[in-house]
Every structure is written in C-alpha cells, then in structure tokens.
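Next come the chains, spelled out residue by residue.
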Amino acid sequence: MMTDRFPIVSQTELAPGIFQMVLQTPQMAQEARPGQLVDLYCAEKDKLLPRPISLFDADPEEGTLSLIYAVVGKGTEEFSTYDEGDTVRVTGPLGTGFPLDRAADMNEIFLVGGGLGIPPMFFLAKCLHALYPEKPIKVFLGFRSEPWIGDIFTPYAEVLPSSDDGACGFKGTALDRMTAYLNEAGACARILYACGPIPMMRAIQPFAEEKGIETWFSLEERMGCGFGACYGCPAKLKAADGTTVLKRVCKDGPVFPGKDVIFS
Ligand code: FES
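Quick look at the structure, then. Keep in mind it's a predicted model, so treat the numbers as computed, not measured.

Quick look at helix H4 (residues 174–184) now. Turning to H4, its buried residues are Ala174, Leu175, Met178, Tyr181 and Leu182. Down the axis of H4, the buried set is contained in an arc of 120 degrees. They therefore lie on one face. Structural note: H4 exposes Asn183 and Glu184 on the side pointing more than 90 degrees away from its buried face. On the buried face of H4, the contacting elements are strand E7 (108–114), strand E8 (137–143), strand E9 (158–163), strand E10 (190–195) and helix H5 (198–211).

Shown next as structure tokens:
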C-alpha cells in the first residue's frame, strides 16, 4: 500500500454521471488484485475524507490503474472535473480482493454485478480467465435499462445481461437471469463472486446456499479513514462459533464469504 499524487492519463464519461479515470501508478498497477480498492482524496480541504473506489482494471505493463465511479456527491463531482494531466492523491491498493484460488476446483465460475458493482467484475473476469483459461465464466450483469458496459468482457467471459425494462433482451434481475440459466444447465461445481447493491446480494445468499454454490461478496460501505484505523466501515459476519463479529470493510474486506455475511 502506498500514498502519493499520481497523474491522470485519461478521464471519460461512459454514461451520464458515470466516469472512467485512468491513473499512471506503476507500483500500484503491479500490486493490484481484483476486488481491491483505492482511496481518492479531494483537493478541497473541507472534504478531507477519502472516497473509496474499486478497481476496474490494472495494466502492469502500461503502469496504469483504471477506476469507474459515479458522481454521487461533492467528492466524486470534483473528481469528474479533473482532466488528463491533472494529479490526484491516491492511497492503495486496499483490502483483500477476491480469492481466485477458490475457483481452482470448480467447473464453472459465476460473476454477478449490479450497478457500480459491475466494474470490479471486469478485472476479476480478466484475471480468472488468465489463471483458468479452460473454465467457463458467466457474467450476470444487472442494469436499469440499456447496458453501459458489457462488450469488453467478451474475450474473457460470456455476458448474460438483464435490466428492469428488458432493454438488453432480458427483463428482470441478475438473479432472475442466473435462475433461468441454471434451470437449463446441468449440475456441476460452481463458485460465485458478486458485487452490487445490498438487496441483490441479500437475494443471492439463500439462493446460492440452496444450490450449494460457494459464494463471495464484495461489500460496499460508507467509509471514514479508508485504511483500517477508524472502524467506520463495519460489516456484520457470522463467526464459526455462531457469534456475530464486526469486520472492517476497507481492511478486512471488502470481500467476505457470502454465507457469513449478515445483512441487517
Ligand atoms: Fe476507517 Fe474502514 S474506513 S476502518
């Protein structure tokens, strides 16, 4: 983990209010793992708390990290005004990331992303494909309407999109799409990695348990310090002895075993 100011290589608005920022950060690009976060700091002093943003991609050869974020407040609004050549203070990479080794003994890999949980699935698909080129990877992506991302997954995985209005060819949630797929598919050992809104993951939890699918959730939580010092990002988890433990999303997570997460 490191903190420094890094130059912005490019900034693109992918859809209204959704931006992709590419940073020149050679060391972080080497260290980055899918599911990890970086903290971005605003220039203005009245917005001291960093904004955690998950990694969309990392390119160790180019020395770049790519982030996708939505403008949801003053901090991200400020980031969206930055241009190529500007610098931004970044801490990272943070957190544990997805356990890629858990897929080694599986026959099929499911990635499920909703909303801003979709971007981290790209880096994950790319790394899983590099590790296990023979294993089929299915990516279930949930959109409100028209997909704003998807084609880029094609070299690494099969994308099965869904949307509230059916604009992508399937009307329903990512879980509905996964259910439809499983109704047709045969039985095999599967693992599921998910990131997205809490209701999506809350619905996946009993579904995966019933189907016997090992599940890993990347949680999004409001954060304070962003590096494990303030305990401002608690996640409730079931411990092995049945008690409830509090973990820090920014440092102990953001990825946790799906069966252990307690959604309140
Ligand atoms: Fe401070 Fe997680 S934000 S411990």
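Moving on, there is more to tell.
The subject of this paragraph is the pattern of salt bridges. According to the stated counting rule, one finds six salt bridges in the structure shown. Arg102 is the salt-bridge partner of Glu214, the closest N and O atoms lying 2.8 Å from each other. Linking Glu214 in strand E11 (residues 214–218) with Arg102 in the loop between strand E6 (87–94) and E7, this pair joins segments that are 112 residues apart in sequence. Classification of Glu214 as partly exposed rests on a relative accessible area of 21%. When its relative accessible area of 40% is taken as the criterion, Arg102 is described as partly exposed.

Looking now at the layout of surface pockets. Of the pockets and cavities examined, the largest pocket occupies roughly 1400 Å³. Taken together, 49 residues form the lining of the largest pocket, with Ala70, Val72, Leu116, Gly117 and Glu220 sitting closest to its centre. Among the secondary structure elements, those contributing two or more residues to the lining of the largest pocket are strand E4 (51–59), strand E5 (64–70), helix H2 (74–80), E8, H4 and H5. Among the elements that take part in the lining of the largest pocket, E4 stands out by supplying four residues, more than any other.

Once that is clear, we can look at the sheet that holds strand E1 (residues 2–15). Reading around the circumference, E1-E2-E5-E4-E3-E6 is the order of the six strands in this closed barrel, with antiparallel pairing throughout. Across this sheet, the average inter-strand angle for adjacent strands is 45 degrees, counted without regard to direction. The sheet contact formed by strand E2 (residues 18–24) and E5 spans seven bridges and is antiparallel. Its bridge partner lying in E5, Leu23 is registered against Leu65. Sheet strands in contact with helix H3 (residues 119–131) are E4 and E5, and its direction is about 35 degrees off that of E4.

What follows is about the packing of aromatic side chains. Taken as a whole and judged by the stated rule, the model has 11 aromatic pairs. Ring geometry for Tyr69 and Phe79: centres 6.2 Å apart, planes at 90 degrees, overall edge-to-face. Of this pair, Tyr69 sits in strand E5 while Phe79 sits in helix H2, and the two are 10 residues apart along the sequence. Phe79 shares its class with Tyr69; the two are buried.

Running from N to C, H4 and H5 point in directions that differ by 15 degrees, and their axes come no closer than 11 Å. With respect to each other, H4 and H5 are oriented roughly parallel. Seen from above, H4 lies across H5 with left-handed handedness. Of the residues in H5, those in contact with Leu175, Met178, Thr179 and Leu182 of H4 are Ala203, Ile204, Phe207 and Lys211. Among the residues forming the contact of H4 with H5, the class breakdown is six nonpolar, one polar and one charged.

So, how was this worked out
Residues numbered from 1 in each chain as written. Predicted model: local features only at pLDDT ≥ 70, side-chain atom pairs only at ≥ 80, totals over all residues. Heavy atoms only, no water. Buried < 20%, exposed > 50% of the residue type's maximum accessible area, 1.4 Å probe, protein only. Helix = DSSP H or I, 4+ residues; strand = E, 2+ residues; numbered from the N terminus. Arc of directions from axis to C-beta. Contact = heavy atoms within 4.5 Å. Salt bridge = Lys/Arg side-chain N within 4 Å of Asp/Glu carboxyl O. 1 Å grid on protein atoms, 1.4 Å probe; cavity = no way out; pocket = protein on both sides within 12 Å on 5 of 7 lines; lining within 4 Å. Points joined across faces, edges and corners; volume = space filled by probe spheres on them. Pairing = 2+ DSSP bridges. Axes fitted to C-alpha atoms, helices over the stretch in contact; angles between N-to-C directions. Phe/Tyr/Trp six-rings, centres within 6.5 Å; stacked < 30°, edge-to-face > 60°. Parallel < 35°, antiparallel > 145°, perpendicular 65-115°, else oblique. Left-handed = near helix turned anticlockwise from the far one by under 90°. Nonpolar A, V, L, I, M, F, W, Y, C, P; charged D, E, K, R; others polar.

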